Amino acid sequence: ELPVETEVEIDPSDPVPADGSIRFQSLAFAFGPETPVLRDVDFEIADGETIAIVGPSGCGKSTLVQLLLRFYDPDSGSIILGGVDIRRIPRHELRTRIATVLQQPFLLSRSIRENIVLADPAADAARIELATNEASIHESILRFEAGYDTPVGERGVTLSGGQRQRIAIARALLRNPALLILDEATSQIDAESEEQINLAIGEFRTGRTVLVIAHRLSTVLAADRIVVMDEGRVVDHGRHEELLDRCDVYARLARTQLSPA
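Owing to the predicted nature of the structure, the values given are computational and were not obtained by experimental measurement.

Caption draft 1: A look at the overall build of the protein chain. Along the backbone of the protein chain there are nine helices and 10 strands. The burial tally for the protein chain puts 50% of its 261 residues in the buried class. Of all intrachain contacts in the protein chain linking residues separated by at least 6 positions in sequence, the fraction that spans at least 24 positions is 70%. Carbon together with sulfur atoms contributes 48% to the accessible area of the protein chain, which is approximately 12,700 Å² in total.

As structure tokens, this is what we get:
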């Protein structure tokens, strides 16, 4: 169930963000007086940069996405997209500029093609194939007897978890978003599918801003920068090797997840 959207005091005036850069500025948010989630979150993402946000469960990673999509508005602080406060951008316009792939992607009980073109019903075969190649799913689709006309079943039951995720990524790419968000997109799939999705991320990240929210560190090692959160705050950011040396929260996550058994 989606959270209730809140009203804001700023009247939208149809401003258009210049690019996919993001600034989280002194951000604070709570679901109630006893449940603070984010406290003084302040960091920037450059246009075209791939940023991973990691941290223990409950640290506020997915809440950042909810605020960025304006399912909620912050209690204080602001989010600036392409130089524009997102509260000044009409929600429809904001969400057409952002594509999100969730842990459980939404698929209709229709064909693979129909699920992909939900992003743009006017897309022709060439654009669809470009998106599926970028998402590393085109060859897998062709192995089905009916190809792109293969029914996926209720919630994509006829597909593997990795195939469902890559179809969702292709659908997101068909929109050519300024910002692509992957929110725990590989948390429930096998290692081989995760590797294919990581290869897909490498293909489409050029020229796009990509925000990866992840619990598993194996999905984020190739990011330009890793932001580490704990208890609703940003505690450090940098490359994997840098964070191993200086960030206790990241080092604990790495010891748990990346060390040989």
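Caption draft 2: Structural detail: the sheet that holds strand 5 (residues 84-85). Ordered by their spatial adjacency, four strands build an open sheet running 2-1-4-5, and the pairing between neighbours is antiparallel. Looking at strand neighbours, the two that pair on one side only are strand 2 (36-45) and strand 5, the edges of this open sheet. Here strand 1 (residues 22-30) runs beside strand 4 (residues 76-81); their pairing, made up of five bridges, is antiparallel. Directly across from Arg23, in strand 4, lies its bridge partner Ile80.

Caption draft 3: Layout of the environment of Pro15. Following the sequence through the fold, Pro15 ends up in the segment before strand 1. When the C-alpha atoms of Pro15 and Arg88 are compared, they prove to be 6.8 Å apart, with 73 residues separating the residues in sequence.

Caption draft 4: View of the packing of helix 4 (residues 125-134) against helix 6 (residues 161-174). Interhelical geometry of helix 4 versus helix 6 gives an angle of 130° and a closest axis separation of 8 Å. In this view, helix 4 runs oblique relative to helix 6, as classed from their interaxial angle. Regarding helix 4 and helix 6, the two cross each other, and that crossing is right-handed. On the side of helix 4, the interface is formed by Arg127, Ile128, Ala131, Thr132 and Glu134, while helix 6 contributes Ala170, Leu173 and Leu174.

Caption draft 5: Representation of the nonpolar core in the model. Ranked by internal contacts, the top residues of the largest apolar core, which has 40 residues, are Val54, Ile116, Ile226, Val228 and Tyr250. Ranked by residues supplied to this core, first place goes to helix 6 with seven residues. When near neighbours in sequence (up to four residues on either side) are disregarded, Ile226 contacts Ala52, Val54, Val220, Asp236, His237, Gly238, His240, Leu243 and Tyr250. Residues Ile22, Phe24, Cys59 and Leu211 belong to the second largest nonpolar core, which totals 32 residues.

Caption draft 6: Helix 1 (residues 61-68), seen in detail. Most of helix 1 sits inside the fold, with six of its eight residues counted as buried. Turning to helix 1, its buried residues are Lys61, Thr63, Leu64, Val65, Leu67 and Leu68. Where helix 1 terminates, the next one or two residues include Arg70, which has phi positive at roughly 60°.

Caption draft 7: Just the side chain of Asp73, in detail. The residue Asp73 is located in the loop between helix 1 and strand 4 in this model. The class for Asp73 is buried, based on a relative accessible area of 10%. Here the side chain of Asp73 touches Arg70 through a polar contact of 2.9 Å, side chain to side chain.

Caption draft 8: Structural detail: unusual backbone geometry. At Ser136, a position not held by glycine, the phi torsion is positive, near 55°. Residue placement: Ser136 occurs in the loop between helix 4 and helix 5 (138-142). With phi around 50°, Asn176 is a residue other than glycine that occupies positive phi space.

Rules behind the numbers
- Residues numbered from 1 in each chain as written.
- Predicted model: local features only at pLDDT ≥ 70, side-chain atom pairs only at ≥ 80, totals over all residues.
- Heavy atoms only, no water.
- Helix = DSSP H or I, 4+ residues; strand = E, 2+ residues; numbered from the N terminus.
- Buried < 20%, exposed > 50% of the residue type's maximum accessible area, 1.4 Å probe, protein only.
- Contact = heavy atoms within 4.5 Å.
- Areas by Shrake-Rupley, 256 points an atom, 1.4 Å probe, with all protein chains shown as cover.
- Pairing = 2+ DSSP bridges.
- Axes fitted to C-alpha atoms, helices over the stretch in contact; angles between N-to-C directions.
- Parallel < 35°, antiparallel > 145°, perpendicular 65-115°, else oblique.
- Left-handed = near helix turned anticlockwise from the far one by under 90°.
- Core = buried A, V, L, I, M, F, W, Y, C linked by side-chain atoms within 4.5 Å.
- Polar contact = N/O pair within 3.5 Å; in protein donor to acceptor, adjacent residues only side chain to side chain.

So yeah, pure geometry; function would need other evidence.
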